[in-house]
Amino acid sequence: MSAPSSTRSTVNETLVDELTSINSIYDALTLTPSSPSSSLFHLRLPSLPSIILRIEFPSDYPDAPPSILGTQSVGDDVAKGVGNQVVDVVRDVLAQVYTPGAPCIFDLLEEVREALEKAEEQGTLHVNDHQDLTRQEDAHEATHSATIPHNAIDLGPEPPWTIAAPITEKKSIFLARVARVSSPTQAKSYVTHLLATDKKAARATHNITAWRIRGPNDTSYQDCDDDGETAAGGRMLHLMQLMDVWDVMVVVTRWYGGVLLGPDRFRIINTAAREALVLGGFVKEVKDVGGGVEGKKKGRK
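In this text the structure is predicted, and so the values were computed from the model without any measurement. (Residues numbered from 1 in each chain as written. Predicted model: local features only at pLDDT ≥ 70, side-chain atom pairs only at ≥ 80, totals over all residues. Heavy atoms only, no water.)

> Explanation requested: the side chain of Asp107 in the structure shown.
By secondary structure assignment, the location of Asp107 is in helix H3 (residues 105-122). Polar side-chain contacts of Asp107 include one of 2.6 Å to the side chain of Lys171. Ignoring any residue separated from it by four or fewer positions in sequence, one finds Asp107 in contact with Val97 and Lys171. (Helix = DSSP H or I, 4+ residues; strand = E, 2+ residues; numbered from the N terminus. Polar contact = N/O pair within 3.5 Å; in protein donor to acceptor, adjacent residues only side chain to side chain. Contact = heavy atoms within 4.5 Å.)

Written out as structure tokens, the structure is:
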């Protein structure tokens, strides 16, 4: 006779890790178990938070796929029948993104976002009725105007970005871009412009920034922003100091792929930043050494 404890389902470590990462990337209640011992979870769509789905994970997930059982709840702001349409969309996307042995929820949420946007653009999905949508847009406009300064709305011309080739590691994607800047205000405006005009960058997990600027009268400005990737901005700024680059800003955008990279992510972020700095021509290729000149080639690696 088996002991009672042996009948309990074993902890699925992959699912636990995925739950932690998904809830750190999105809202803390994006993926939640319906009860401590249940394989049934509630999945709130970040792109449509008024809809919560019921999703069931098999004991051998991710070797076997999860199942979308239906809606758990649909908000009053969602038009009638949309919940069922969304369930169909999520099921179709899940069938496309699931690969045996690989966690799939991050890919599912991002691809569902794209699919719902496309469906709305094509007119095959109307999430809100016209009255509700108008009311929400008016509220958003009022909030937006009240919280964003005027100079952020007047974006100005496209920043002169130099963009390096993306780096992919365990389904995470890192994309670095650089631009020449002459003041911290200009650097901040470039970040604002990027996030306001590049939908993919705005939806990324992190946009890590750093800049070094020489000002007038021997002043200098150096700053960085982790954007949630703790310590990454400081490490990138340190790289720029070691490379002795000035009057330039770097933005490394990361889209998390559902697999934790650990400390390797810092190496990849700095590699991406260095590639962009070299590509943009900000790295000195020739330098004086003891009165002579030493050629120093900067390769791609």
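> Where do I start with unusual backbone geometry in this structure?
Only a minority of non-glycine residues have a phi that is not negative, and only a minority of peptide bonds are not trans. The step from Tyr61 to Pro62 runs through a cis peptide bond, and the omega angle for that step is 10°. Topologically, Pro62 is positioned in the loop between strand E3 (51-56) and strand E4 (67-74). Within the chain, Lys170 stands out as a residue other than glycine whose phi angle is a positive 50°. For Lys170, the location among the structural elements is in the loop between strand E6 (167-169) and strand E7 (172-180). Phi at Ala231 is positive, roughly 80°, even though this residue is not glycine. Residue class for Ala231 comes out partly exposed when judged on its relative accessible area of 33%. (Buried < 20%, exposed > 50% of the residue type's maximum accessible area, 1.4 Å probe, protein only.)

> Sorry, what's going on with the nonpolar core here?
One recurring pattern in soluble globular proteins is that nonpolar side chains are buried together. Ranked by internal contacts, the top residues of the largest apolar core, which has 33 residues, are Leu45, Ile55, Phe57, Val86, Val90, Ile105 and Leu108. At the level of elements, helix H1 (13-25), strand E2 (40-44), E3, helix H2 (82-97) and H3 are the ones that each hand at least two residues to this core. Filtering out sequence-adjacent residues up to four positions away, Val86 remains in contact with Leu45, Leu48, Ile51 and Leu116. Residues Ala232, Leu239, Met243 and Val278 belong to the second largest nonpolar core, which totals 27 residues. (Core = buried A, V, L, I, M, F, W, Y, C linked by side-chain atoms within 4.5 Å.)

> In this structure, what is going on with the pairing of E2? I would like to understand it.
Moving residue by residue along a regular strand, the side chains alternate between the two faces of the sheet. Of all 5 residues in E2, 4 are buried; the element is thus mostly enclosed. Here strand E1 (residues 31-33) hands over to E2 after 6 residues, the two strands then running antiparallel side by side. As judged from the 5 bridges shared by E2 and E3, these two strands associate in the antiparallel manner. Within E3, the residue paired with His42 across the bridge is Arg54. Hairpin connection, E2 to E3: the antiparallel pair is bridged by 6 residues. (Pairing = 2+ DSSP bridges.)

> How do you make sense of the packing of helix H8 (residues 232-243) against helix H9 (residues 264-279) when you look at a structure like this?
Closest axis-to-axis distance for the H8/H9 pair is 10 Å, and the angle between their directions is 40°. In this view, H8 runs oblique relative to H9, as classed from their interaxial angle. At the point where H8 passes H9, the crossing takes the right-handed sense. Only Phe266, Ile269, Asn270, Ala273, Arg274 and Leu277 of H9 make contact with H8, whose side of the interface consists of Ala232, Arg235, Met236, Leu239, Met240 and Met243. Considering only residue class, the contact of H8 with H9 consists of 9 nonpolar, 1 polar and 2 charged. (Axes fitted to C-alpha atoms, helices over the stretch in contact; angles between N-to-C directions. Parallel < 35°, antiparallel > 145°, perpendicular 65-115°, else oblique. Left-handed = near helix turned anticlockwise from the far one by under 90°. Nonpolar A, V, L, I, M, F, W, Y, C, P; charged D, E, K, R; others polar.)

> What exactly am I supposed to notice about the packing of aromatic side chains here?
What describes a pair of aromatic rings is the distance from one ring centre to the other and the angle between the planes of the rings. The full count for this structure, using the stated rule, is 4 aromatic pairs. Between Phe106 and Tyr256, the ring centres sit 5.8 Å apart and the planes meet at 70°, which makes this aromatic pair edge-to-face. With Phe106 in helix H3 and Tyr256 in the loop between strand E10 (248-255) and H9, the pair connects residues that are 150 residues apart, well separated along the chain. Taking the relative accessible area as the measure of exposure, Phe106 reaches 8% and is therefore buried. The exposure class assigned to Tyr256 is buried, which follows from its relative accessible area of 5%. A network of ring pairs unites the aromatic residues Phe41, Phe57 and Tyr61 as a single cluster. Seen from the ring of Trp161, Arg177 lies directly overhead, with NZ or CZ sitting 5.9 Å from the centre. Above the plane of the ring of Phe266 lies Arg235, whose end atom (NZ or CZ) is 4.0 Å from the centre. (Phe/Tyr/Trp six-rings, centres within 6.5 Å; stacked < 30°, edge-to-face > 60°. Lys NZ or Arg CZ within 6 Å of the ring centre and 35° of its normal.)

> Would you mind going over the side chain of Arg177 with me for this structure?
As for its placement among the helices and strands, Arg177 is situated in strand E7. For the buried Arg177, no salt bridge is present, and the opposite-charge side chain at shortest range is Asp198, 4.0 Å distant. (Lys, Arg positive; Asp, Glu negative; His and termini not counted. Salt bridge = Lys/Arg side-chain N within 4 Å of Asp/Glu carboxyl O.)

> I'm lost on the environment of Gly215 in this one. Help?
With respect to the helices and strands, Gly215 occurs in the loop between strand E8 (206-214) and strand E9 (220-225). For Gly215, a relative accessible area of 22% corresponds to the partly exposed category. Along the chain, Gly215 and Ser182 lie 33 residues apart, while their C-alpha atoms are 7.4 Å from each other. Those residues within four positions of Gly215 in sequence are excluded, and the remaining contacts are Ser220 and Tyr221.

> Help me understand the environment of Val191 in this model?
Mapped onto the fold, Val191 is located in helix H6 (residues 184-197). On the basis of relative accessibility, which here comes to 19%, the residue Val191 falls in the buried class. Along the backbone, Val191 and Pro159 are 32 residues apart, and their C-alpha atoms lie at a distance of 9.1 Å. Among residues more than four places away in sequence, those in contact with Val191 are Thr209 and Met249.

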